Amino acid sequence: MNTDYCQWLHETLEKRPLFTYPFNVAALPTNGIYFFYEKGECCIHHTSSARVVRVGTHRDGNFKSRICEHFLLDERKMVFTEDQPAPHDRSIFRKHIGRALLNKAGDSYLAVWDLVFTTRKMRDAKRHLRDISKEAEIEAEITRILRDNFAFRFIEISSQHQRMGAEGLEKALIGTFAGCPTCGPSEGWLGNYSPKWQIRNSGLWLIHYLTAAPVTPEHASMIARAVETGVRP
């Protein structure tokens with residue numbers, strides 16, 4: 001069943017526009033679910049098609065801001081100090097990519113990168129460990145990788161309850177892609193260097209919901225409606 005729905009999802013999502021950097025933020029919805037694709041990663045069901053490598057959503061009204069955080073469209077956020085969180089503390093996607101880069105290089109700074117400096121308590125306790133110039137270099141490389149190698153599609157789902165949580169569509173979508181026995185990463189996939197076994201094993205830039213139940217016929221109907229009625233840019 002995962003294989004059937006994985007193939008159906010890849011085929012169905014191809015009806016939606018593909019966004020690559022630079023893109024028009026105004027064309028994005030207020031609420032929805034996004035699907036990231038990565039250069040070099042192909043869908044086994046159709047070798048000419050790109051493979052979904054990440055599924056994500058957001059709290060109500062924050063779709064645009066989540067995408068902007070991933071691609072770091074606000075360049076002012078690259079100016080941070082030891083007393084401020086870096087961009088990867090606001091985007092787990094960026095944190096995952098940075099982890100893979102550091103682990104691939106055998107860089108011990110991975111231990112600091114894993115810390116989350118969004119709270120005053122953590123900054124007070126651990127700021128002395130930070131190398132801001134090094135973090136800025138890593139952040140710049142992550143931005144380059146995301147802008148050059150990643151693209152995304154979305155479906156507009158207005159209800160947060162339908163998108164998120166125990167019964168949400170995001171969970172079922174991730175479970176479907178992760179549970180497909182035929183789709184998987186290429187040998188050169190950057191995620192193969194992730195220190196997170198969940199990423200390496202699933203072929204997805206995700207660590208949660210990987211063993212969730214796949215989409216149901218009801219979910220499929222909801223997705224099909226969103227694809228067919230979605231606002232096009």
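Everything discussed here concerns the structure shown above.
Residues numbered from 1 in each chain as written. Predicted model: local features only at pLDDT ≥ 70, side-chain atom pairs only at ≥ 80, totals over all residues. Heavy atoms only, no water.

Student: So what exactly am I meant to see when it comes to the environment of Asp114 here?
Tutor: Considering the arrangement of structural elements, one finds Asp114 in the loop between α4 (110–113) and α5 (120–126). Note on Asp114: relative accessible area 33%, which makes it partly exposed. Sequence separation between Asp114 and Thr143 is 29 residues, and the spatial gap between their C-alpha atoms is 18 Å. Apart from residues no more than four positions distant in its own chain, Asp114 is found in contact with Lys95 and Arg99. (Helix = DSSP H or I, 4+ residues; strand = E, 2+ residues; numbered from the N terminus. Buried < 20%, exposed > 50% of the residue type's maximum accessible area, 1.4 Å probe, protein only. Contact = heavy atoms within 4.5 Å.)

Student: What is the right way to read the packing of helix α3 (residues 92–104) against helix α6 (residues 132–149) from this model?
Tutor: Each packed pair of helices is defined by two parameters, the angle between the axes and the distance between the axes. Between α3 and α6, the least distance of the axes is 10 Å, while the angle of their chain directions is 110 degrees. The angle between the axes of α3 and α6 places the two elements in the roughly perpendicular class. In this structure, α3 uses Phe93, Arg94, Ile97, Gly98, Leu101 and Leu102 to contact α6, whose residues at the interface are Lys134, Ile138, Glu139, Glu141, Ile142, Thr143, Ile145 and Leu146. Classifying every residue of the contact of α3 with α6 by side-chain character gives eight nonpolar, two polar and four charged. (Axes fitted to C-alpha atoms, helices over the stretch in contact; angles between N-to-C directions. Parallel < 35°, antiparallel > 145°, perpendicular 65-115°, else oblique. Nonpolar A, V, L, I, M, F, W, Y, C, P; charged D, E, K, R; others polar.)

Student: Can you walk me through the packing of aromatic side chains in this structure?
Tutor: Think of a pair of aromatic rings as described by two things: how far the centres are apart, and how the planes are tilted against each other in angle. Taken as a whole, this structure holds 16 aromatic pairs when the rule is applied. Ring centres of Tyr5 and Trp8 lie 6.3 Å apart, and the angle between their planes is 85 degrees; on these two criteria the pair is classed as edge-to-face. Of this pair, Tyr5 and Trp8 both sit in helix α1 (residues 2–13), separated by three residues, roughly a single helical turn. Geometrically, the ring pair formed by Phe36 and Phe93 is edge-to-face, given 5.0 Å between the ring centres and 70 degrees between the ring planes. Pair noted here: Phe36 is in strand β2 (residues 33–43) and Phe93 is in helix α3, with a separation of 57 residues, a long-range link. As far as burial versus exposure is concerned, Phe36 and Phe93 are alike and both buried. An aromatic cluster of at least three residues, connected via ring pairs, comprises Phe19, Phe23, Tyr34, Phe36, Phe63, Phe71, Phe93, Phe150, Phe152 and Phe154. (Phe/Tyr/Trp six-rings, centres within 6.5 Å; stacked < 30°, edge-to-face > 60°.)

Student: Can you walk me through helix α2 (residues 63–71) in this structure?
Tutor: Side chains three or four residues apart in an α-helix point the same way, a direct result of the helix having 3.6 residues per turn. Turning to α2, its buried residues are Phe63, Arg66, Ile67, Glu69, His70 and Phe71. If you follow the buried residues of α2, they end up packed against β2, α3, α6 and β4 (150–155). Leu72 occupies a position one or two residues after α2 and carries a positive phi of about 50 degrees.

Student: Explanation requested: helix α10 (residues 217–229) in the structure shown.
Tutor: With 13 residues, α10 extends 18 Å between its outermost C-alpha atoms, agreeing within 8% with the 18 Å of an ideal straight helix rising 1.5 Å per residue. Within α10 the residues assigned to the buried category are His219, Ala220, Met222, Ile223, Ala226 and Val227. Down the axis of α10, the buried set is contained in an arc of 160 degrees. They therefore lie on one face. Those residues of α10 that are exposed and aimed more than 90 degrees away from the buried face are Pro217, Glu218, Arg225, Glu228 and Thr229. (Expected span 1.5 Å × (residues − 1). Arc of directions from axis to C-beta.)

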